[in-house]
Amino acid sequence: MLHGYWLRQLGITGEYGMRDIAPDDLPAFFAGFGAAGYVGCNVTVPHKLAVMKHLAEIDAAAQAIGAVNTIWTDNGDLVGGNTDAAGFVDNLDDRAPGWNNEAGHAVVLGAGGAARAAIHGLLGRGLRVSVVNRTLESAEALARHFGPSVRAHGMEQGAALLGEADLLVNTTSLGMVGKEALNLDITGLKPAAVVYDIVYVPLETDLLKRARRRGHRTVDGLGMLLHQAVPGFQHWFGVRPAVSDELRALIEADIRATSPGA
Ligand code: ATR
């Protein structure tokens, strides 16, 4: 829907569709990529690592995050990148302008793939990051991977860190429709802090609702989904598309129609 909207809006002849490729079929898929008419693709679970060996080049973000989500062609060569960190930060710039003016410290909940993208983006903006995760070892692995600007903490330390946080980010699936609730007490959060939830079903999570009622600026996950798509489209079709209110409303309406509880 997202890429189809931009293609129509910009009058570009092209198509963005879905292909179900089994892991064993990846080599044949990439061997015949250009001949099949593809200019690029997104990849998702379980291919985000496995695609790397089929690519001529992997961009710095994908290397740092350890996953490819977008592939494009450059002079016939396949190049893999990761647009999640850029999408994460571009969405913050869009929805909470000026958030980075004095922001020094972010608390990131979760230590999975989404957390890696968020941390890469935040380090790029000069922040220090405290990773808070149920499994302390996973948070510690991220701290080792990203270096001294990233500290690891267990879930029980989460609330206590919030008094020093300029930005609170949820990258876990907690609070998503059908998942457990995110039970984090945010009453101690610095009043000026921005709260960002990458969950987008529901569009406004319980965390964002509580934060909004306490007067925090909030940023939702749908914007990250929209913004991470921008660089891919630009690589494939040569035009940088805009994340407009109209596009957002279109995708919001689709989520409301297809996801009960959204
Ligand atoms: P993704 O790659 O999309 O980020 P993931 O790798 O499955 O997803 O990561 C999920 C994150 O949510 C992890 O940080 C996970 O914590 P653990 O490392 O302890 O598994 C966190 N998470 C998922 N369910 C959770 C729960 N019920 N309570 C606390 N954290 C949870």
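Coordinates for the structure precede this section.
What counts as what
Residues numbered from 1 in each chain as written. Predicted model: local features only at pLDDT ≥ 70, side-chain atom pairs only at ≥ 80, totals over all residues. Heavy atoms only, no water. Helix = DSSP H or I, 4+ residues; strand = E, 2+ residues; numbered from the N terminus. Rg over C-alpha atoms; globule rule 2.2 N^0.38 Å. Buried < 20%, exposed > 50% of the residue type's maximum accessible area, 1.4 Å probe, protein only. Near = heavy atom within 4 Å. Polar contact = N/O pair within 3.5 Å; in protein donor to acceptor, adjacent residues only side chain to side chain. Nonpolar A, V, L, I, M, F, W, Y, C, P; charged D, E, K, R; others polar. Pairing = 2+ DSSP bridges. Axes fitted to C-alpha atoms, helices over the stretch in contact; angles between N-to-C directions. Contact = heavy atoms within 4.5 Å. Salt bridge = Lys/Arg side-chain N within 4 Å of Asp/Glu carboxyl O. Expected span 1.5 Å × (residues − 1). Arc of directions from axis to C-beta. Left-handed = near helix turned anticlockwise from the far one by under 90°.

Caption draft 1: Main features of the overall build of the protein chain. Tallying secondary structure elements over the protein chain gives 10 helices and 10 strands in all. Here the C-alpha atoms of the protein chain give a radius of gyration of 19 Å, agreeing with the 18 Å that 2.2 N^0.38 yields for 262 residues. Dimensions of the protein chain, computed from C-alpha atoms along their principal axes, come out at roughly 55 × 40 × 35 Å. Considering the protein chain as a whole, with its 262 residues, one finds that 47% of them fall into the buried category.

Caption draft 2: Highlighting the site of the ligand. Residues in close proximity to the ligand total 13 residues, the closest being Ala111, Gly113, Asn133, Arg134 and Thr135. Between the ligand and the protein, one listed contact pairs an oxygen atom with a backbone N or O atom of Ala114 at 3.0 Å. Contact between the ligand and Glu180: a nitrogen atom at 3.3 Å from a side-chain N or O atom of the residue. Its residues placed into classes, the shell around the ligand shows 3 nonpolar, 8 polar and 2 charged.

Caption draft 3: Region of the structure containing the sheet that holds strand E8 (residues 167-170). Sheet architecture is open: 6 strands sit in the order E7-E6-E5-E8-E9-E10, paired in parallel fashion. Bordering the open sheet on either side are strand E7 (150-154) and strand E10 (217-219), each of which pairs with just one other strand. Averaged over all pairs of adjacent strands, the angle between their axes in this sheet comes to 20 degrees, without regard to strand direction. For strand E9 (residues 194-197) and E10, the ladder comprises 3 bridges, and the chain directions are parallel. Within the sheet, the bridge partner assigned to Val194 lies in E10 and is Arg217. The sheet strands contacting helix H6 (residues 136-146) are strand E6 (128-133) and E7, and the helix crosses E7 at an angle near 175 degrees.

Caption draft 4: Quick peek at the pattern of salt bridges. Taken as a whole and judged by the stated rule, the model has 8 salt bridges. Across the pair Asp90 and Arg240 runs a salt bridge, and its minimum N-O distance is 3.9 Å. Of this pair, Asp90 sits in helix H4 (residues 84-95) while Arg240 sits in the loop between helix H9 (221-237) and helix H10 (245-258), and the two are 150 residues apart along the sequence. For Arg212, the salt bridge identified is with Glu204, shortest N-O distance 2.6 Å. Its relative accessible area of 42% is what places Arg212 among the partly exposed residues. Overlapping salt bridges, with partners in common, bring together Asp220, Arg248, Glu252 and Arg256 in one network.

Caption draft 5: Expanded view of the pairing of E8. Residue alternation in E8 divides its side chains into two sets, Leu167 and Val169 and Leu168 and Asn170, and both sets are buried. Bridge count for strand E5 (residues 105-109) against E8 is 4 bridges, and the pairing is parallel. Each bridged residue has a counterpart across the sheet, and for Leu109 the counterpart in E8 is Asn170.

Caption draft 6: Region of interest: H10. The terminal C-alpha atoms of H10, which comprises 14 residues, lie 20 Å apart, in line with the 20 Å expected from a rise of 1.5 Å per residue. Restricting attention to buried positions, one finds in H10 the residues Leu247, Arg248, Ile251, Glu252 and Ile255. The arc that holds every buried residue of H10, seen down its axis, measures 130 degrees, which confines them to one face. H10 presents Asp245, Glu246, Arg256 and Ala257 as exposed residues on the side facing more than 90 degrees away from its buried surface. Where H10 is buried, its residues meet helix H1 (2-10), H4 and H9.

Caption draft 7: Layout of the packing of helix H5 (residues 113-124) against H6. Viewed as axis vectors pointing N to C, H5 and H6 meet at an angle of 35 degrees, and their least axial separation amounts to 12 Å. In this structure, H5 crosses over H6, and the sense of that crossing is right-handed. Taken together, the residues of H6 that come into contact with H5 (itself represented by Ala115, Arg116, Ile119, His120 and Leu123) are Leu142, His145 and Phe146. When its residues are assigned to classes, the contact of H5 with H6 shows 5 nonpolar, 2 polar and 1 charged.

Caption draft 8: Looking closely at the sheet that holds strand E2 (residues 57-58). If you walk across this open sheet you meet the 4 strands as E1-E3-E4-E2, and the pairing is mixed. Two strands close off the open sheet at either side, each with one partner strand: strand E1 (40-42) and E2. Where E2 and strand E4 (residues 77-81) come together, 2 bridges link them in parallel fashion. Bridging from a neighbouring strand, Glu57 pairs with Val79 of E4.

Caption draft 9: Local environment of unusual backbone geometry. In the segment running from Val45 into Pro46, the intervening peptide bond is cis, with an omega of 5 degrees. Structurally, the position occupied by Pro46 is in the loop between E1 and E2. Cis geometry is found at the peptide bond from Val201 to Pro202, where omega equals 10 degrees. Assignment of secondary structure puts Pro202 in the loop between E9 and helix H8 (206-213). Even without glycine at this site, Asn75 takes up a positive phi of about 50 degrees. As for its position among the elements, Asn75 is in the loop between strand E3 (70-74) and E4.

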